[in-house]
Amino acid sequence: MNSKGSYISIPNPHIAEMEEDVLYHVALGTKSHDLPAMFGDVKFVCIGGSASRMHQLAQYMAQELGINIPAGMALTNMGKGKARYAMYKTGPVLAVSHGMGVPSMSILLHELFKLLHHARCIDVTIFRIGTSGGIALPAGSVVVTEEALSPLLEPIFEQVVLGKVVRRPAKLDQKLVADLLACHKADDSFQLTSGRTMCTHDFYEGQARLDGAFCEYTQEDKTQYLQMLHEHCVRNIEMEASAFAAMCHQVNIPGAVVCVTLLDRLQSDQVDMQPEEYQEWQQRPIKIVTRLIRKKLGLE
């Protein structure tokens, strides 16, 4: 249990018995690196699908936190080409890419939680910042997830362990939800809302798209399904939220999911926009999370 003011702990007694813990996918280890010196001051972790988005986030964070990068130097990927994921550190903020979908993200979270534990971090908050498909929302809206649901609309994440299905509650920190919603500004050019997020196993059939390589349902089936989701207060669909919520809850680290909607799924299946528009929309959830981090650091 991680109580306020205590070091991050993880519920795995085997870790304490290991002479060395190699965090293979982030190219770090307890013997090869001084993790407390490198990461002991981390208070906020931001994860997102792509490496480029996390680099963009780190640059924006440096600007907003007033961290000067000396002339001739630049933010460096701490994985140095050896890691599966890109990692950037900006003061107390760690930004890490997690790839696409639950399997990729869960590997990262296991190693991130162990990293925070070995680094003896205190009072850490973690955010998943991403993209999603909205339901009955204007494209470009930002959704803060109140509750993460499985494809069967249960607030549960299922994992097969030793050949058995383990069901874990997918709980998110509700105070974080309220704090993030309070970061909206009157002059923002986008809508900020909250609601349920459905986490699926894939991008096509699992999200009721008609444009995959195969499809065994009709346009009417799709529309009825998405309308049913909306009636159940589902406001967006993505591929990580339930696992993120369950894993953060399991280690008792406050977590939040903040995603921009790239389209209204009731209107379209395909993501088709100009690169400039895509870049600006990706920045929207980053702005909301950065505002909250600034507040927590006493900069606003």
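Here the structure is a predicted model, which means the values were calculated and not measured. (Residues numbered from 1 in each chain as written. Predicted model: local features only at pLDDT ≥ 70, side-chain atom pairs only at ≥ 80, totals over all residues. Heavy atoms only, no water.)

**Student:** Whenever I open this one, the packing of helix 2 (residues 51–64) against helix 7 (residues 275–296) confuses me. Can you help?
**Tutor:** When two helices pack together, you describe them by how their axes are tilted relative to each other and by the distance separating the axes. Put simply, helix 2 and helix 7 touch, their axes get as near as 10 Å, and they point 45 degrees apart. Here helix 2 is positioned oblique relative to helix 7, judged by the angle of their axes. Where helix 2 crosses over helix 7, the handedness of that crossing is right-handed. On helix 7, the residues that touch R53, Q56, L57, Y60, M61 and E64 of helix 2 are Y278, Q279, Q282, Q283, I286, K287, T290, I293 and R294. Considered class by class, the residues forming the contact of helix 2 with helix 7 number six nonpolar, five polar and four charged. (Axes fitted to C-alpha atoms, helices over the stretch in contact; angles between N-to-C directions. Helix = DSSP H or I, 4+ residues; strand = E, 2+ residues; numbered from the N terminus. Parallel < 35°, antiparallel > 145°, perpendicular 65-115°, else oblique. Left-handed = near helix turned anticlockwise from the far one by under 90°. Contact = heavy atoms within 4.5 Å. Nonpolar A, V, L, I, M, F, W, Y, C, P; charged D, E, K, R; others polar.)

**Student:** How should I be thinking about the pattern of salt bridges in this particular structure?
**Tutor:** Once their charged atoms are close, side chains differing in charge can pair, the charge on each being opposite to the other. Under the criterion given, the structure shown has twelve salt bridges. Here E238 and R128 are joined by a salt bridge, their closest N and O atoms 3.1 Å apart. Of this pair, E238 sits in strand 11 (residues 234–238) while R128 sits in strand 6 (residues 125–134), and the two are 110 residues apart along the sequence. When sorted by exposure, E238 lands in the same class as R128, which is buried. Of the charged contacts in the structure, one is a salt bridge between R196 and E147, with a shortest N-O distance of 2.8 Å. Note that R196 is positioned in strand 10 (residues 192–199) and E147 in strand 7 (residues 142–149), a separation of 49 residues in sequence. For E147, a relative accessible area of 25% corresponds to the partly exposed category. (Salt bridge = Lys/Arg side-chain N within 4 Å of Asp/Glu carboxyl O. Buried < 20%, exposed > 50% of the residue type's maximum accessible area, 1.4 Å probe, protein only.)

**Student:** Would you explain the packing of aromatic side chains in this entry?
**Tutor:** Summed over the entire model, instances satisfying the criterion amount to one aromatic pair. Centre to centre, the rings of F203 and Y204 are 5.1 Å apart; their planes meet at 80 degrees, and the pair counts as edge-to-face. A residue is classified by how much of its surface remains accessible, and F203, at 31% relative accessible area, is partly exposed. Lying over the aromatic face of F203, R209 brings its terminal NZ or CZ to 3.7 Å of the ring centre. (Phe/Tyr/Trp six-rings, centres within 6.5 Å; stacked < 30°, edge-to-face > 60°. Lys NZ or Arg CZ within 6 Å of the ring centre and 35° of its normal.)

**Student:** Would you take a moment to explain the environment of H118 for this structure?
**Tutor:** Inspection of the secondary structure assignment puts H118 in helix 3 (residues 102–118). Overall, the relative accessible area of 18% leaves H118 in the buried class. In this structure the C-alpha to C-alpha distance between H118 and I10, which are 108 residues apart in sequence, comes to 9.8 Å. Other than its neighbours up to four places away in sequence, H118 contacts I15, D21, T30, L35 and P36. Here D21 takes part through its side chain, which lies 2.8 Å from a polar atom of the side chain of H118. (Polar contact = N/O pair within 3.5 Å; in protein donor to acceptor, adjacent residues only side chain to side chain.)

**Student:** When you look at the side chain of T90 in this model, what are you seeing that I'm missing?
**Tutor:** For T90, the position within the fold is in strand 4 (residues 87–90). Take T90: its relative accessible area is 4%, and that puts it in the buried class. Beyond its immediate stretch of four places on either side in the chain, T90 contacts A58, M61, A62, L65, I67 and L75.

**Student:** Would you mind going over the state of the cysteines with me for this structure?
**Tutor:** By definition, a disulfide links the sulfur atoms of two cysteine residues through a covalent bond. In total, this model carries zero disulfides according to the counting rule given. C121 takes part in no disulfide bond, and the closest cysteine sulfur, belonging to C46, lies 14 Å away. A disulfide-free cysteine, C183 has its sulfur positioned 12 Å from the sulfur of C46, the nearest such atom. (Disulfide = S-S within 2.5 Å.)

**Student:** How do you make sense of the environment of Q59 when you look at a structure like this?
**Tutor:** Examined against the element boundaries, Q59 turns out to sit in helix 2. Taking the C-alpha atoms as reference, Q59 lies 30 Å from K171; in sequence the two are 112 residues apart.

**Student:** Teacher, can you tell me more about helix 3 here?
**Tutor:** Think of an α-helix as 3.6 residues a turn; residues three or four steps apart then line up on the same face. With 17 residues, helix 3 extends 24 Å from end C-alpha to end C-alpha; this agrees with the ideal 24 Å at 1.5 Å per step. In terms of burial, helix 3 is a largely internal element, 13 of the 17 residues being buried. Of the residues flanking the end of helix 3, it is R120, one or two places downstream, whose phi is positive at about 60 degrees. (Expected span 1.5 Å × (residues − 1).)

**Student:** Looking at this model, I keep getting lost on unusual backbone geometry. Mind explaining?
**Tutor:** A negative phi angle is the norm for most residues apart from glycine, just as the trans form is the norm for most peptide bonds. Of note in this structure, A27 is not a glycine but carries a positive phi near 55 degrees. Here A27 shows up in the loop between strand 1 (22–23) and strand 2 (28–29). One non-glycine residue, C233, lies in positive phi territory at about 65 degrees. When you line up the elements, C233 lands in the loop between helix 5 (219–231) and strand 11.

**Student:** What am I meant to see in the pairing of strand 6 here?
**Tutor:** Every other side chain in a regular strand lies on the same face of the sheet, so the side chains alternate between the two faces. Strand 6 sits mainly inside the fold: nine of its ten residues count as buried. Strand direction decides the pairing type here: strand 3 (residues 44–48) and strand 6, joined by four bridges, are parallel. Note on strand 6: the bridge partner recorded for I47 is R128. Pairing geometry for strand 6 and strand 12 (residues 255–264), over eight bridges, is parallel. For I129, the partnering residue across the bridge sits in strand 12 and is V258. Direction of pairing for strand 6 relative to strand 11: antiparallel, over a ladder of two bridges. Directly across from G134, in strand 11, lies its bridge partner N236. (Pairing = 2+ DSSP bridges.)

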